[in-house]
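# Coordinate inspection notes
Here's the letter readout for the chains.
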Amino acid sequence: MYITKRSEFNVPHSQGRFLSRAQKTNNRKRFRLFVLSILGGWDTMRRNMNDLRIQENVSLAPMSTFGIGGVARYFFEAKKSEELKEAVQWAVKNDISYKIFAGGSNVVFADEGFLGLVIRLIFKKMKVSDSERVIEAEAGVWLADLIKKAISKGWAGLETLSGIPGTVGGAVFGNAGAYGQSVSGIVKSVNFFDVEGGEAGILSNEECGFKYRHSIFKDKNFSILSVILQFQAGDKKDLKAKSEEIVKTREKKYKPGLRCPGSFFKNVLVKDVSKKSLALVDKAKIIDGKIPAGWLLEQVGAKGLREGGIYIADFHGNLFVNDGTGTARDVKALARILKKKVFDKFGIQLEEEVRYF
Ligand SMILES: Cc1cc2nc3c(=O)[nH]c(=O)nc-3n(C[C@H](O)[C@H](O)[C@H](O)COP(=O)(O)OP(=O)(O)OC[C@H]3O[C@@H](n4cnc5c(N)ncnc54)[C@H](O)[C@@H]3O)c2cc1C
């Protein structure tokens, strides 16, 4: 039987009223695990954990491009979709909360970490159908590898996304895009696992509800297992040249190794903005029906602003950078300040593209 040591609780109970909400939640979860041990379920739970290779107390920060985050109480890397299902079942059975991520290039892990199971999707098989110009990619395939494969075949459709980090599943989740293309443009269908219902299913492109940086997967508790993508015919040499040119341009903004999650806020759709707000915007800055968040932020003096270890790049208003000492708390504080400044000046509410985890 597992006995919870007193030191596992953050502080003595008498100080409880001074704890943050997150700490209180963590302590409640620890208490639940303690009760579980008393009820005798712990031995079975640990046996199953060993079978599944679930690790304990794993640091999340190195797994995100932002380099922020505490420890996952339980951590599991799913190499196959069946393993994802098994890990979720383990968590549900033991009343443990769980979260899923993949490449870690668009997440802000909490400073407190996560007192549940964090599952990283790393299944990475690709199936190519030459005759149909179709690739079926598992969710954990690196977007870069998928693009490279398509270009090697002379297939167009994703070449301008070259240089975007992360996985195919992550790209579908947020409908990643750049320089006029987005993943939704070539998705035929998505195989998913309904985490709550415990069943797998398939969604067509239309059913994925794609919009600018949005898909149905942001609203539902569905895990993307694999994606079928339909490419168009292209010229291998041209596609390669385009891809290399874009990677070079991107590397000027995102120097390799920069601790950041890409653009922090979403650009703002003109159709969502009131006439009064639009009158305050320089129309020359509007691109493809969107007001760049970077421009709005620069108008309120964002460049170079700092909160703790997080600062805004001095060359781009929408680029949050971690100097190596930054915390999720710093990120949220800076985001709050900047949102208020933009709202006060333009009456526009910025929305995060990154996902708080
Ligand atoms: C330097 C840099 C530049 C970037 N440039 C761009 C850009 O130009 N355009 C752009 O669109 N984005 C850009 N991004 C953001 C990021 O790369 C993309 O959003 C990427 O698609 C995220 O994929 P990921 O695997 O890293 O997702 P993660 O960061 O691991 O997860 C992001 C979210 O997706 C969810 N998720 C991930 N995989 C799955 C899955 N299989 N099923 C269900 N949910 C899942 C997670 O739960 C989380 O909520 C940039 C990021 C960086 C660091």
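The structure contained in this document is the topic of the report that follows. From a predicted model like this one, the values you see are computed outputs, not experimental measurements.

## Brief notes about the overall build of the protein
Assigned secondary structure in the protein consists of nine helices and 20 strands. Within the span of the protein, comprising 357 residues, buried residues form 39% of the whole. Across the protein, contacts joining residues at least 24 apart in sequence account for 62% of those joining residues at least 6 apart.

## Overview of the sheet that holds strand E11 (residues 187–194)
Taken together, five strands build an open sheet; the order of strands is E6-E7-E13-E11-E12 and the sheet is antiparallel. Two strands close off the open sheet at either side, each with one partner strand: strand E6 (126–129) and strand E12 (199–204). Mean inter-strand twist for the sheet, computed between neighbouring axes without regard to direction, equals 15°. Here strand E7 (residues 134–138) pairs with strand E13 (residues 222–230) via five bridges, running antiparallel.

## Digging into the site of the ligand
Around the ligand, the structure places 31 residues, and the nearest of them are Gly 103, Gly 166, Gly 169, Gly 170 and Gly 262. If you list the elements that add at least two residues to the shell around the ligand, you get strand E3 (98–101), helix H5 (168–173), strand E9 (177–178) and E13. Looking at the shell around the ligand element by element, the count peaks at four residues for H5. Looking at which domains feed residues into the shell around the ligand, each of domain 1 (6–121) and domain 2 (126–243) gives three or more.

## Description of the environment of Glu 56
With respect to the helices and strands, the residue Glu 56 is situated in strand E1 (residues 55–59). Note on Glu 56: 11 C-beta atoms within 10 Å, which makes it exposed. Between the C-alpha atom of Glu 56 and that of Tyr 74, which follows or precedes it by 18 residues, the distance is 4.5 Å. Those residues in contact with Glu 56 that sit more than four places away from it in its chain are Arg 73 and Tyr 74.

Cut-off values and rules
- Residues numbered from 1 in each chain as written.
- Predicted model: local features only at pLDDT ≥ 70, side-chain atom pairs only at ≥ 80, totals over all residues.
- Helix = DSSP H or I, 4+ residues; strand = E, 2+ residues; numbered from the N terminus.
- Buried ≥ 20, exposed ≤ 12 C-beta atoms within 10 Å, placed from the backbone.
- Contact = placed C-beta atoms within 7 Å.
- Pairing = 2+ DSSP bridges.
- Axes fitted to C-alpha atoms, helices over the stretch in contact; angles between N-to-C directions.
- Near = placed C-beta within 6 Å.
- Domains from an automatic or database assignment.

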